[in-house]
Amino acid sequence: IHMVSVLPIRFLGYDTIIYAVIAIIAFLIAYKGYRVWEVTNLKKHFYFYLSFLLLGVAFATIALTSAYTFFLYSNIGEIKVFDQFFGIDDIGYWVYLITSLVSYSLLAYTYTHEKKSFLVSLPLSFNYFSYFNVLLFFVAAYLAFRTTTNFLSNRNKNSFFVASCFVLIALYHALLLFTPFTKLAYVAAHGSLIL
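The structure displayed is predicted, hence computed values, not measured ones.

Trainee: Describe a nonpolar patch on the surface, listing the residues and the values that go with them.
Mentor: Residues Tyr14, Ile17, Val21, Ile25, Ile29, Ile194 and Leu195 make up a contiguous nonpolar surface patch of roughly 650 Å² in combined accessible area. With five residues, the top contributor of residues to the nonpolar patch is helix H1 (residues 14-40). By the secondary structure assignment, Ile194 is in helix H6 (residues 183-194).

Rendered as structure tokens:
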């Protein structure tokens, strides 16, 4: 059964490159986080390191999944992502979504001063991709809020860059929610992610 793609066909392949670059950046941040954790031995620094390591794995997985989808499209001329058949591409998307959720949750935990867990109440959605993006948006928005608050109190260049990154990540997840309505949202989301 052919599925109407929400992905702009001309953008296929470019998203793979963007995901790969983001994975490399996440692994580099994880390495720096690991070095900080080695020095301080604080649990929050370990969670920071682990969250970016998982985020790197998530984006490496989605890069491979996107490349696989592009390869399938190049050979058979249609995309069958999120259809009723459970294939390699679906496994890749599930790994990406779950790993991203764990990563963002660990980051949210490092920004939460209380010991309580960070819970978000969400309405049910029509498919798991949209549901997870709503969840990831809320966790990323929380991180954007916390880092922006930190920037407003510190007003230095480093805190500005950190806040900007989390705002752009939250924007990425927010824009992905509109991809069923316009393919331009998919391109804009990835533009936000690479920024």
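Trainee: Go over the packing of aromatic side chains with me, naming the residues and quoting the values.
Mentor: The tally for this structure, following the rule as stated, stands at 13 aromatic pairs. Each ring, one from Phe46 and one from Tyr49, has its centre 6.0 Å from the other, and the planes form 55°; the classification is tilted. With Phe46 and Tyr49 both in helix H2 (residues 43-76) and three residues apart, the pair spans about one turn of that helix. Members of the aromatic cluster, joined through ring pairs, are Tyr34, Trp37, Phe46, Tyr47, Tyr49 and Tyr109. One cation-aromatic arrangement involves Arg155 over Phe151; the distance from NZ or CZ to the ring centre is 5.8 Å.

Trainee: Describe the packing of helix H5 (residues 157-176) against H6, listing the residues and the values that go with them.
Mentor: Contact geometry for H5 and H6: axes closest at 8 Å, N-to-C directions at 165°. Viewed along their axes, H5 and H6 adopt a mutual orientation that is roughly antiparallel. Crossing hand, H5 versus H6: left-handed. Here Leu168, Leu171, Tyr172, Leu175 and Leu176 of H5 come into contact with H6, specifically with Ala185, Tyr186, Ala188, Ala189, His190, Ser192 and Leu193. The class makeup of the residues in the contact of H5 with H6 is ten nonpolar, two polar and no charged.

Trainee: Provide a residue-level description of the layout of surface pockets, including the pertinent values.
Mentor: Approximately 860 Å³ is the volume attributed to the largest pocket. In this structure, the largest pocket is lined by 31 residues; those nearest its centre are Phe48, Phe52, Tyr111, Val162 and Phe166. Of all the elements in the fold, those that place two or more residues in the lining of the largest pocket are H1, H2, helix H3 (88-111), helix H4 (128-154), H5 and H6. Among the residues forming the lining of the largest pocket, the class breakdown is 20 nonpolar, eight polar and three charged.

Trainee: So what's going on with H1? Residues and values would help.
Mentor: Here H1 spans 39 Å end to end across 27 residues, near enough to the 39 Å set by a 1.5 Å rise per residue. Those residues of H1 lying buried are Asp15, Thr16, Ile18, Tyr19, Ile22, Ala23, Ala26, Ala30 and Gly33. Residue Asn41 follows H1 closely and has a positive phi angle near 60°.

Trainee: Lay out the packing of H3 against H5 with the relevant residues and their values.
Mentor: Axis separation between H3 and H5 bottoms out at 14 Å; the angle between their running directions is 145°. In this structure, H3 crosses over H5, and the sense of that crossing is left-handed. The segment H3 lies against H5, with Tyr96, Tyr104, Leu107 and Tyr111 engaging Val162, Phe166, Ile169, Tyr172 and His173. When the residues that make up the contact of H3 with H5 are grouped by side-chain class, the tally is eight nonpolar, one polar and no charged.

Conventions we followed
Numbering of residues starts from 1 in every chain and runs along the sequence as written. Reporting in this predicted model follows two pLDDT cut-offs: at least 70 for local features of residues, and 80 or more for side-chain atom pairs to be given and counted; totals over whole chains, interfaces and linings ignore these cut-offs and use all residues. Calculation of side-chain values draws on the structure's entire complement of heavy atoms; hydrogens and water are dropped beforehand. Within this analysis, patches are made of residues with over 30% relative accessible area and no salt bridge. Like charges are joined at 9 Å or less; nonpolar side chains (Val, Leu, Ile, Met, Phe, Trp, Tyr) at 5 Å or less. Areas reported here follow the Shrake-Rupley algorithm with a probe of radius 1.4 Å; residue values treat only the protein chains shown as occluding. For salt bridges, the criterion is a side-chain nitrogen of Lys or Arg within 4 Å of an Asp or Glu carboxyl oxygen. In DSSP terms, a helix is any run of H or I states spanning at least four residues, a strand is any run of E spanning at least two, and both are numbered starting from the N terminus. Stacked, edge-to-face and tilted are the three classes for Phe, Tyr and Trp ring pairs, Trp counted by its six-membered ring, which pair at centre distances within 6.5 Å; planes under 30 degrees apart are stacked, over 60 edge-to-face, the rest tilted. Two conditions define a charge located above a ring, namely a distance within 6 Å from the ring centre to NZ of Lys or CZ of Arg, and an angle within 35 degrees of the ring normal. Interaxial angles span 0 to 180 degrees and are taken between N-to-C directions of axes, which are lines fitted to C-alpha atoms, for helices over the stretch in contact. Between 65 and 115 degrees an angle is taken as roughly perpendicular, under 35 as roughly parallel, over 145 as roughly antiparallel, and anywhere else as oblique. Handedness of a helix crossing follows the sense of rotation of the near helix relative to the far helix, less than a right angle counterclockwise being left-handed and clockwise being right-handed. We call two residues in contact when some of their heavy atoms are within 4.5 Å. Only Asp, Glu, Lys and Arg are considered charged, only Ala, Val, Leu, Ile, Met, Phe, Trp, Tyr, Cys and Pro nonpolar, and every remaining residue, Gly among them, polar. Detection works on a 1 Å grid of protein atoms alone, calling trapped sets that fit a 1.4 Å probe cavities and calling open sets with protein on both sides within 12 Å along at least five of seven lines pockets, with lining residues defined by an atom within 4 Å of a point. Grid points are joined across faces, edges and corners, and a volume is the space filled by probe spheres set on the points. Helix span, expected: 1.5 Å multiplied by one less than the number of residues in the helix. The buried label goes to any residue with under 20% of its type's maximum accessible area, the exposed label to any with over 50%, and the partly exposed label to all in between, with areas taken from a 1.4 Å probe on protein chains only.

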